There are 2 protein chains.
Amino acid sequence: MKPIQVGLLGIGVVGSGTFNVLKRNQQEIQRRAGRGIEITMVADLDEARARAVVGPDVQVVNDARKVIANPDIDIVIELIGGYGIAKTLVLEAIAAGKHVVTANKALLAVHGTEIFAAASAKGVMVAFEAAVAGGIPIIKALREGLTANRIEWIAGIINGTTNFILSEMRSKGLDFGVVLKEAQRLGYAEADPTFDIEGIDAAHKATIMSAIAFGVPVQFDKAYVEGITKLSAQDIKYAEQLGYRIKLLGIAKRRPEGIELRVHPSLVPSKRLIANVEGAMNAVVVQGDAVGTTLYYGKGAGSEPTASAVIADLVDITRLHTADSAQRVPHLAFQPNAMSDTPILPMADVVTSYYLRLRVADQAGVLAKVTGILAESGISIDAVLQREADEVGGVDATQTDLIILTHDCVEARMNVALAAMQALPTVLEPITRIRKEELA
Amino acid sequence: MKPIQVGLLGIGVVGSGTFNVLKRNQQEIQRRAGRGIEITMVADLDEARARAVVGPDVQVVNDARKVIANPDIDIVIELIGGYGIAKTLVLEAIAAGKHVVTANKALLAVHGTEIFAAASAKGVMVAFEAAVAGGIPIIKALREGLTANRIEWIAGIINGTTNFILSEMRSKGLDFGVVLKEAQRLGYAEADPTFDIEGIDAAHKATIMSAIAFGVPVQFDKAYVEGITKLSAQDIKYAEQLGYRIKLLGIAKRRPEGIELRVHPSLVPSKRLIANVEGAMNAVVVQGDAVGTTLYYGKGAGSEPTASAVIADLVDITRLHTADSAQRVPHLAFQPNAMSDTPILPMADVVTSYYLRLRVADQAGVLAKVTGILAESGISIDAVLQREADEVGGVDATQTDLIILTHDCVEARMNVALAAMQALPTVLEPITRIRKEELA
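Residues numbered from 1 in each chain as written. Chains lettered and ligands numbered in written order. Predicted model: local features only at pLDDT ≥ 70, side-chain atom pairs only at ≥ 80, totals over all residues. Heavy atoms only, no water.

Q: Give a detailed account of the domain arrangement of chain A, specifying residues and quantitative values.
A: Residues and elements named next belong to chain A. Along its sequence, chain A is organised into domain 1 (4-135 + 303-338), domain 2 (138-299) and domain 3 (347-436). Each of domain 2 and domain 3 was reduced to a C-alpha centroid, and the two centroids are 25 Å apart. If you look at the interface, domain 2 gives 19 residues, while domain 3 gives 18 residues. Surface buried jointly by domain 2 and domain 3 totals about 1,600 Å² across both partners, of which 61% is contributed by carbon and sulfur atoms. If you sort the residues of domain 2 by the area they bury against domain 3, Y238, L242 and L267 come out on top, with a joint share of 35%. (Domains from an automatic or database assignment. Contact = heavy atoms within 4.5 Å. Buried area = accessible area lost by both parts, 1.4 Å probe.)

Q: Give a description of the packing of helix α8 (residues 160-172) of chain B against helix α9 (residues 176-186) of chain B that names residues and reports values.
A: Residue and element names in this part refer to chain B. As a packed pair, α8 and α9 sit with axes 9 Å apart at the nearest point and diverge in direction by 125°. In terms of their interaxial angle, α8 and α9 are classed as oblique. The crossing of α8 and α9 is right-handed. The segment α8 lies against α9, with F164, I165, E168, M169 and K172 engaging F176, V179, L180, E182, A183 and L186. Its residues assigned to classes, the contact of α8 with α9 shows eight nonpolar, no polar and three charged. (Axes fitted to C-alpha atoms, helices over the stretch in contact; angles between N-to-C directions. Helix = DSSP H or I, 4+ residues; strand = E, 2+ residues; numbered from the N terminus. Parallel < 35°, antiparallel > 145°, perpendicular 65-115°, else oblique. Left-handed = near helix turned anticlockwise from the far one by under 90°. Nonpolar A, V, L, I, M, F, W, Y, C, P; charged D, E, K, R; others polar.)

Q: A description of the interface of chain B and chain A should follow, citing residues and the corresponding values.
A: Facing 63 residues of chain B, the contacting portion of chain A comprises 63 residues. Regarding the contact of chain B and chain A, the summed buried area is about 5,000 Å², with carbon and sulfur atoms giving 51% of it. The largest share of the area that chain B buries against chain A comes from R31, R32 and R319 of chain B, three residues that together contribute 17% of it. The tally of links between chain B and chain A comes to six salt bridges. Among the ionic pairs, R254 of chain A bridges to E28 of chain B, the shortest N-O distance being 2.9 Å. Run the count over chain B and chain A and you get 25 residue pairs in polar contact (both at pLDDT 80 or more). Listing elements by their share of the side of chain B that touches chain A, those giving two or more residues are α1 (13-24), α2 (26-33), α7 (138-145), α11 (200-214), β12 (292-299) and α13 (303-320) of chain B. (Salt bridge = Lys/Arg side-chain N within 4 Å of Asp/Glu carboxyl O. Polar contact = N/O pair within 3.5 Å; in protein donor to acceptor, adjacent residues only side chain to side chain.)

Q: Describe the confidence of the model for chain A, with residues and values.
A: Overall, the prediction assigns chain A a mean pLDDT of 96, with 98% of residues at 70 or greater. Interface confidence in the predicted complex, given as ipTM, is 0.97; pTM for the same model is 0.97. (pLDDT = per-residue confidence, 0-100.)

Q: Kindly report on the UniProt feature "binding site: NADP(+)" (unreviewed entry) in chain A, identifying the contributing residues and their values.
A: Residue and element names in this part refer to chain A. The sites that carry the UniProt feature "binding site: NADP(+)" (unreviewed entry) are, in the present numbering, L9, G10, I11, G12, V13, V14, G15 and S16. Considering the arrangement of structural elements, one finds L9 in strand β1 (residues 4-9). Judged by relative accessible area, which is 1%, L9 ranks as buried. Those residues in contact with L9 that sit more than four places away from it in its chain are A43, A64, V67, V76, I77, E78, L79, I80 and L89. (UniProt positions renumbered as here; feature names shortened; annotations may be inferred. Buried < 20%, exposed > 50% of the residue type's maximum accessible area, 1.4 Å probe, protein only.)

Q: Describe unusual backbone geometry, with residues and values.
A: Residues and elements named next belong to chain B. The phi dihedral of A333 falls on the positive side, at around 75°, and the residue is not glycine. Looking at where A333 falls in the secondary structure, it is placed in the loop between α13 and β13 (351-361). For A333, a relative accessible area of 0% puts it in the buried group. Positive phi outside glycine occurs at L439, with the angle close to 50°. When you line up the elements, L439 lands in the segment after β17 (432-436).

Q: Tell me what's going on with the nonpolar core, and back it up with residues and numbers.
A: Ranked by internal contacts, the top residues of the largest apolar core, which has 168 residues, are I138 and I165 of chain A together with I138 and I165 of chain B. The residues contacting I165 of chain A, other than those within four sequence positions of it, are F176, V179, L180, A183, I197 and I228 of chain A. I39 and I75 of chain A together with V101 and I311 of chain B belong to the second largest nonpolar core, which has 71 residues in total. (Core = buried A, V, L, I, M, F, W, Y, C linked by side-chain atoms within 4.5 Å.)

Q: Can you tell me about the packing of aromatic side chains, naming the residues and giving the values?
A: Think of a pair of aromatic rings as described by two things: how far the centres are apart, and how the planes are tilted against each other in angle. Per the stated rule, a full pass over the model turns up five aromatic pairs over all chains. Ring centres of F116 of chain A and F128 of chain A lie 5.4 Å apart, and the angle between their planes is 40°; on these two criteria the pair is classed as tilted. Highlighted residues: F116 of chain A in helix α6 (residues 105-122) and F128 of chain A in the loop between β6 (126-127) and α7 (138-145), separated in sequence by 12 residues. An identical accessibility class is assigned to F116 of chain A and F128 of chain A; each is buried. Between Y296 of chain A and Y296 of chain B, the aromatic rings sit 6.4 Å apart at their centres with planes inclined by 75°, giving edge-to-face as the arrangement. One end of the pair, Y296 of chain A, is in strand β12 (residues 292-299); the other, Y296 of chain B, is in strand β12, on a second chain. (Phe/Tyr/Trp six-rings, centres within 6.5 Å; stacked < 30°, edge-to-face > 60°.)

Q: Let's hear about helix α5 (residues 85-95) of chain B: which residues, and what values?
A: Residues and elements named next belong to chain B. Of the positions making up α5, those classed as buried are A86, K87, L89, V90, A93 and I94. Along the axis of α5, the buried residues cluster in a sector spanning 170°; they form a single face. Next to the buried residues of α5 lie β1 (4-9), α4 (64-69), β4 (75-78), β5 (99-102), α6 (105-122) and β6 (126-127). Immediately downstream of α5, the backbone of G97 shows phi near 80°, a positive value. (Arc of directions from axis to C-beta.)

Q: Residue-level account of the sheet that holds strand β5 (residues 99-102) of chain A, with values.
A: In a beta sheet, neighbouring strands pair by backbone hydrogen bonds and run either parallel or antiparallel. All names here are of chain A. The sheet built from six strands is open, its strands ordered β3-β2-β1-β4-β5-β6 with parallel pairing. The open sheet has two edge strands, β3 (59-61) and β6, and neither has a second partner. Pairing of strand β2 (residues 37-43) with β3 involves three bridges; the strand directions are parallel. Looking at β3, one finds that A43 is bridged to V61. (Pairing = 2+ DSSP bridges.)

Q: So what's going on with the relation of the copies chain B and chain A? Which residues, and what values?
A: Mapping between the two chain copies consists of a rotation about an axis together with a translation along that axis. With an RMSD of 0.0 Å, chain B superimposes on chain A once it is rotated by 180° and translated 0.0 Å along the axis. Seen this way, the second copy is the image of the first under a two-fold rotation axis. In terms of proximity to the rotation axis, the leading residue of chain B is Y296 of chain B, whose C-alpha is 2.4 Å off the axis. An overlap of 100% is found between the interface residues of chain B and their copies at the interface of chain A, pointing to a shared contact surface. (Least-squares fit on C-alpha atoms with pLDDT ≥ 70 in both.)

Q: Give me the lowdown on the environment of Y354 of chain A, citing residues and values where you can.
A: All names here are of chain A. Locating Y354 in the fold gives a position in strand β13 (residues 351-361). Among all residues touching Y354, those that are not within four sequence positions of it are I404, L405, T406, C409, V410, E411, M414, R433, I434, R435 and K436. For Y354, the side chain forms a polar contact with the side chain of E411, separated by 2.5 Å.

Q: Tell me about the pattern of salt bridges, residues and numbers included.
A: Any two side chains of opposite charge can pair, given that their charged atoms come close. Considering all chains together, one arrives at 63 salt bridges over all chains under this definition. Among the ionic pairs, R49 of chain A bridges to D44 of chain A, the shortest N-O distance being 2.8 Å. A relative accessible area of 39% places R49 of chain A in the partly exposed class. When the shortest N-O distance is used, the salt bridge between K253 of chain A and E437 of chain A registers 3.8 Å. Taken together, the positions of K253 of chain A in strand β9 (residues 244-255) and E437 of chain A in the segment after β17 (432-436) put the pair 184 residues apart, joining distant regions of the chain. Judged on exposure class, the residue K253 of chain A and its partner E437 of chain A are both buried. It is possible to trace a salt-bridge network through shared partners that takes in K140, E144 and D316 of chain A together with K140, E144 and D316 of chain B.

Here it is in structure tokens:
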């Protein structure tokens, strides 16, 4: 049987890795897939770069449409990224009857509904294991491995850049800005790190997982997104003293009223396995009603780890492309005619617990006022830590840090309480509020 | 489309869980699978117990062959266990053209070759996600999620009973016998715990993973199996002081000379995620050449976690049963005609590092003699810890514990060195030897 022929659009870091791994492990992969899989055509604006990677035997063009138009190509890999030309090309490839493999989380989180509908109508597959958590086969675990379960929640460290920064801030006691520069120097953060540090990349991935977990459409515009730029080494230290680590989590949770979809820094109990995921590594915790807690850990980015996921999709398509689409795994895990319209909840309706840090005047009665406001709002306190300002070094000894851990309450209620506390004359600086997840 | 009809052989803990989860999540599962899946017939010697679980609407018989003979049954689930009647029934179900789902690791590790050959000849599937690590979708990850990779090694905590015992021994400083009794009282260990504590159950699972990872036949008879019954709280304490935890690992490793397949207690660096897997939880680390290190964590046993895996197999079969077998995932990940004859290495050829504890006379020159023997054997030392016997409490102060960590060496060489050290008059007790894995 002749090898499956694959066309590659965009041969940068991941594209090169995909080409190299596919070539290096050709035999191993064919022994599994039962058929050869070959990248026979590559499109890249930088033809010289492409040629340098693929050598003389592969056709290199600078026009992606030539790949899509090639009747010998069975599968098109899109590794261009972004919502622009990538979207156009993916839709054109689908229209041309090609199966598509993409690592483009932004594209799927924003335009997934349109793309999957087009693919289903045309009877082709759009595979995207590489779009979430790099080499970790989390899409397959959610779509196939846990099909027996009613998924209750997912919480993941799904952005390596921010996890690297948070790990460095904690281990070295440095502030965000300093570590970001180091991360950029080491290549863990891009020159423009906005997508990573503002939580947008994580929100794209969380959006995709929420759809697969709960059978709802991708709704990136409904996701709450908060990054790590405002975190201080001080809060990380206080959290540690209280038995927690601060991680940027992508969270998708099923509640009777609807689905929570949010990305923000979270305190996580230090004893949880996911709290101990350090550096640029990723990990996703999935809670199912039958299986209980499961966790998936690995490299969330990088050339060959991401290539590992891209190629796994190529093998899946090689196996299933002749099967009728009813037999295939649905793009979003649930049959298109069985999607749910359960709403994504606004952040004000989210229920979680909180870490609050108040810089207050070191006077009698301050704690009473603050805790009084929480009590009036019906927010119960889990723990209080008071630190003389001089303990935290260098600052005015007439000031004190008041750290409060609360039990669960609805965000709207906390917002009201925060405004009231902020209005107290004895509260000297903007209150720091970080959400807390027990993940139990 | 009429629901897939499933026959269940043996409705104990896992069988009940499977029936209950399938019923409870019926809609959720159908929304994913695109078709209903129903257990319509159950065989159990205890018909009353079966009836109590399934209620009035399901056919209950005491003869498994009636299920196999039922032409309406598409899939047979075997949850009887063992190599005896279970093997006969699985082969009869295959012969009758039924797809089979089983959680029977012992059966597959010992008779897998015969069973998979029969299934391939008949064009039916034998699915066994539940046979390894319970609810963790590790079989799917290895067979499908990591197909791009040349798997280098697998190391797993794949027996919950022994991990619970080791966790208790460490946290409470108790010896094996005491904790075993507690585990039996709590239901974490069976009345006859031999299969668990002697490492046999873990070896069955490691054998299955070795086949899937490297494309070799299941060869349980070639596995090296050593349990945890000889471990002392003292060794766990010394290991901790040296920065290690002791875990019972199932290991399958690819070496140029062949494949290592072994189950034994292992020191693992405390900072590794897998070292922090406590209680009855399972975790498997997989090292692939492209993806790097990945880890999969969850409940390795229990009614509903195992049911989660059984049902995932039912859904896979529901999707693929009409597809021709060439399109299906091969039973052992590699196409039957592409299996490798790479040999399983004898334990003497295994390369690893070691923890040694010698109870020696507290005299000058003892350490010199011991390290001299290691030097002569070409075994280099990584660390030495000497503890006055009185530090470890209660024993003769003229004795000392000598703890040595070595670098990698071949097991045969270590055996020779051990014999020489044991022969020293100043070595007062049998030497404790525990293998050490850096898992880096």
